[in-house]
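# Structural features, examined
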Amino acid sequence: MGIFSFFSKEKKETLDKGLSKTKENVFSKITRAVAGKSKVDDEVLDNLEEVLITSDVGVDTTLKIISRIEKRVAQDKYVTTQELTALLRDEIAGLLTENNTEDAEGFTLPEDKTPYVIMVVGVNGVGKTTTIGKLAYQFKKVGKNVYLGAADTFRAAAVEQLVIWGERVGVPVIKQKMGSDPASVAFDTLSSAKANNADVVIIDTAGRLHNKINLMNELTKIKNVMKKVVPDAPHEVLLVLDGSTGQNAFEQAKQFTAATEVNALAVTKLDGTAKGGVVIGISDHFRIPVKYIGLGEGIEDLQVFRKKEFVNSLFGE
Ligand SMILES: Nc1nc2c(ncn2[C@@H]2O[C@H](COP(=O)(O)OP(=O)(O)OP(=O)(O)O)[C@@H](O)[C@H]2O)c(=O)[nH]1
Ligand SMILES: [Mg+2]
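None of the values given here were measured: they were computed from a predicted structure. (Residues numbered from 1 in each chain as written. Chains lettered and ligands numbered in written order. Predicted model: local features only at pLDDT ≥ 70, side-chain atom pairs only at ≥ 80, totals over all residues. Heavy atoms only, no water.)

## A word on the packing of aromatic side chains
Applicable threshold: Only centres within 6.5 Å qualify two rings of Phe, Tyr or Trp (six-membered ring in Trp) as a pair; their planes then separate them into stacked at under 30 degrees, edge-to-face at over 60, and tilted for everything else. Secondary structure elements are taken from DSSP: a helix is a run of H or I of four residues or more, a strand is a run of E of two residues or more, and numbering for both begins at the N terminus. We call a residue buried when its accessible area falls under 20% of the maximum for its residue type, exposed when it is over 50%, and partly exposed in between, using a 1.4 Å probe and counting protein chains only.
With the rule as written, the count across this model stands at five aromatic pairs. Plain terms: the ring middles of Phe107 and Phe139 are 6.4 Å apart, the flat faces sit at 85 degrees to each other, and that makes the pair edge-to-face. With a gap of 32 residues between them, Phe107 in the loop between helix H5 (84–98) and strand S1 (116–121) and Phe139 in helix H6 (residues 128–141) connect regions that are remote in the sequence. Residue classification places Phe107 among the buried positions, given a relative accessible area of 15%.

Here is the structure:
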């Protein structure tokens, strides 16, 4: 691990603050679940199951966690309710790290793919454009040459919003007028990026079209056109999910991943919601890694998802 991979105090503060509502929610529920009990028994475990399910962790993942805790309790015989949160933290961290991919070290890009092309997808309002702005900022900060493509041509405001982010971060935004062909915007963006030796290209897409079939067809068309410029593009199809919608985010991930190829996830708006537990369910359920989490509207409020730090922040170290 290099010195820069260190999880800084500022980042930890942003994470803790962002997850504070979820944390309060989970803790108050756990407190109620163990009220009047000194020992973790079947009743406590039943209550705990309910706590996790109502905290948006999802049924399947909750059952896995409970069964792990049952095993621990059977092994250790007497587990006090005071030890319960530490136990939860360990078992959840264990579950997530066991059956999943390695966390990314930071905002890094593979060196053998230039330009590295990221296509950002997701339904409307989940935070695609904001996430693109924050990502562009992070890549720019480490000296990368970043290009943005405004392929959400469905609304005029969408193009403008990306242009504003481009100005804020200081990176070029390739655009056409509203209503123009998104695939053509993607083509232009990749062509410019390639001609200017860009390191990374991030393409914004529309979240809303007349219907779902249209949307999926359009995403496929954008992908195919990209390949004419960069044959193995897009390298990353990043699906953005709004974490504050809890189980809806989970459902969206299911539907989107079934309809189109997605190889990375971002879960946004974890600040200001008590539904952050959904990240645990999403991270456990999908073979696709949660790469980024959104913890606020500010330019610095996007973090690389690190399972251990996330669970530590939620349940305390
Ligand atoms: N609190 C908070 N707000 C966020 C976060 N990410 C995005 N938002 C806000 O969510 C709203 C929608 O974000 P956009 O980036 O416009 O979402 P979008 O997916 O591009 O939306 P469309 O272009 O309409 O499909 C904006 O007000 C953002 O500031 C986050 O992590 N936390
Ligand atoms: Mg947008």
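Now that the structure is up, let's keep going.
## Re the packing of H6 against helix H7 (residues 156–169)
Put simply, the rule reads: Where helices are involved, their axes are fitted lines through C-alpha atoms of the stretch in contact, as for all axes, and angles between N-to-C directions lie from 0 to 180°. Any angle between 65 and 115 degrees counts as roughly perpendicular, while under 35 counts as roughly parallel, over 145 as roughly antiparallel, and the rest as oblique. Handedness of a crossing is defined here by the sense of rotation of the near helix relative to the far one, left-handed for an anticlockwise turn of less than a right angle and right-handed for a clockwise turn. Contact definition: two residues touch when any of their heavy atoms are within 4.5 Å. For this classification, the nonpolar set comprises Ala, Val, Leu, Ile, Met, Phe, Trp, Tyr, Cys and Pro, the charged set comprises Asp, Glu, Lys and Arg, and every other residue, Gly included, is treated as polar.
Close contact between H6 and H7 brings their axes to 10 Å; oriented N to C, the two are set at 20 degrees. Our classification of the angle between H6 and H7 gives roughly parallel. Remark: the crossing between H6 and H7 carries right-handed chirality. Facing Thr129, Thr130, Ile132, Gly133, Lys134, Ala136, Tyr137 and Lys140 of H6, the residues of H7 in contact are Gln161, Leu162, Trp165 and Val169. When the residues that make up the contact of H6 with H7 are grouped by side-chain class, the tally is six nonpolar, four polar and two charged.

## Comments concerning the site of ligand 1
Threshold: For this purpose, a residue is taken to be near a molecule or strand whenever a single non-hydrogen atom of the residue falls within 4 Å of it. We call two N or O atoms a polar contact when they sit within 3.5 Å, provided that within protein one can donate a hydrogen and the other can accept it, with sequence-adjacent residues counted only if both atoms are side-chain atoms. Only the protein chains shown count as covering a residue, and every accessible area follows the Shrake-Rupley method with a 1.4 Å probe.
The local shell around ligand 1 holds 18 residues, among which Lys128, Thr129, Thr130, Asp271 and Glu297 are the closest. Separating an oxygen atom of ligand 1 from a backbone N or O atom of Gly125 is a distance of 2.9 Å. Between a nitrogen atom of ligand 1 and a side-chain N or O atom of Asp271, the distance comes to 2.7 Å. A total of 660 Å² of accessible area belongs to ligand 1 in isolation, and the protein chains cover 81% of it.

## So, a negative patch on the surface
Note the threshold: The patch calculation keeps residues exceeding 30% relative accessible area without a salt bridge and links them within 9 Å when they carry like charges or within 5 Å when they are nonpolar (Val, Leu, Ile, Met, Phe, Trp, Tyr). When a carboxyl oxygen of Asp or Glu lies within 4 Å of a side-chain nitrogen of Lys or Arg, that pair is called a salt bridge. None of His or the chain ends enter the tally, which takes Lys and Arg as positive and Asp and Glu as negative. A charged residue contributes its charge at one atom only: NZ of Lys, CZ of Arg, CG of Asp or CD of Glu.
Together, Asp42, Asp46, Glu50 and Glu70 make up a negatively charged patch on the protein surface. A per-element tally of the negative patch places helix H3 (residues 42–54) first, with three residues. Along the chain, the position of Glu50 falls in helix H3. Given a relative accessible area of 54%, Glu50 falls into the exposed group.

## Quick notes on the confidence of the model for the protein
Our working definition: Per-residue confidence from the prediction method is given by pLDDT, with values spanning 0 to 100.
Averaged over all residues, the pLDDT of the protein equals 92, while 97% of them reach at least 70. A low-confidence stretch, residues 1–5 stays under pLDDT 50, and its non-local contacts, those more than four residues away or across chains, total three contacts.

## What to know about the nonpolar core
Counted only if it meets this: Among buried residues, those of type Ala, Val, Leu, Ile, Met, Phe, Trp, Tyr and Cys that are joined through side-chain atoms within 4.5 Å constitute a nonpolar core.
In terms of nonpolar packing, the biggest core is built from 74 residues, with Ile65, Leu88, Leu190, Met226, Leu265, Ile282 and Phe310 touching the most fellow members. The biggest single contributor to this core is H5, with seven residues. Setting aside residues up to four positions removed in sequence, Leu88 forms contacts with Ile30, Leu48, Leu52, Ile65, Ile69 and Phe315.

## Side note on helix H2 (residues 20–33)
Short version of the rule: Helix span, expected: 1.5 Å multiplied by one less than the number of residues in the helix. In this context, the arc is that of the directions from the helix axis out to the C-beta atoms.
Its 14 residues give H2 an end-to-end C-alpha distance of 20 Å, which sits within 8% of 20 Å, the value for a rise of 1.5 Å per residue. Here H2 has its buried residues at Thr22, Asn25, Val26, Lys29, Ile30 and Ala33. Looking straight down H2, one finds that the buried residues subtend no more than 125 degrees of arc, so they occupy a single side. Away from its buried face by more than 90 degrees, H2 exposes Glu24, Thr31 and Arg32. As for H2, its buried residues are in contact with H3, H5 and helix H12 (307–315).

## Some words on the sheet that holds strand S6 (residues 264–268)
For the record, the criterion: Here, a strand pair is defined by DSSP locating no fewer than two bridges between the strands.
Reading across from one edge, S3-S2-S4-S1-S5-S6-S7-S8 is the order of the eight strands in this open sheet, with mixed pairing throughout. One side of each edge strand has no neighbouring strand; the edge strands of this open sheet are strand S3 (173–174) and strand S8 (302–304). Where S1 meets strand S4 (residues 200–205), five bridges bridge the pair, whose relative direction is parallel. Of the residues in S4, the one forming a bridge with Ile118 is Ile202. Contacts between H7 and the sheet are confined to strand S2 (146–151), S3 and S4, with S2 contributing the most and set at about 170 degrees to the helix.

## Comments concerning a nonpolar patch on the surface
A surface patch of nonpolar side chains, about 230 Å² in accessible area, is lined by Ile53, Val59 and Leu63. Residue classification places Ile53 among the partly exposed residues on the basis of a relative accessible area of 32%.

## Points about the pattern of salt bridges
Within the structure shown, the criterion is met by 18 salt bridges. The partner of Asp16 in a salt bridge is Lys12, with the nearest N and O atoms 2.8 Å apart. In this pair, Asp16 and Lys12 both sit in helix H1 (residues 9–18), four residues apart, roughly one turn of the helix. Given a relative accessible area of 26%, Asp16 falls into the partly exposed group. Given the relative accessible area of 29%, Lys12 is considered partly exposed. The salt bridge partner of Arg68 is Glu98, with a shortest N-O separation of 3.1 Å. With a gap of 30 residues between them, Arg68 in helix H4 (residues 59–76) and Glu98 in helix H5 connect regions that are remote in the sequence. By relative accessible area, which is 18% here, Arg68 ends up buried. One network of salt bridges, with partners in common, ties together Arg68, Arg72, Asp76, Glu91 and Glu98.

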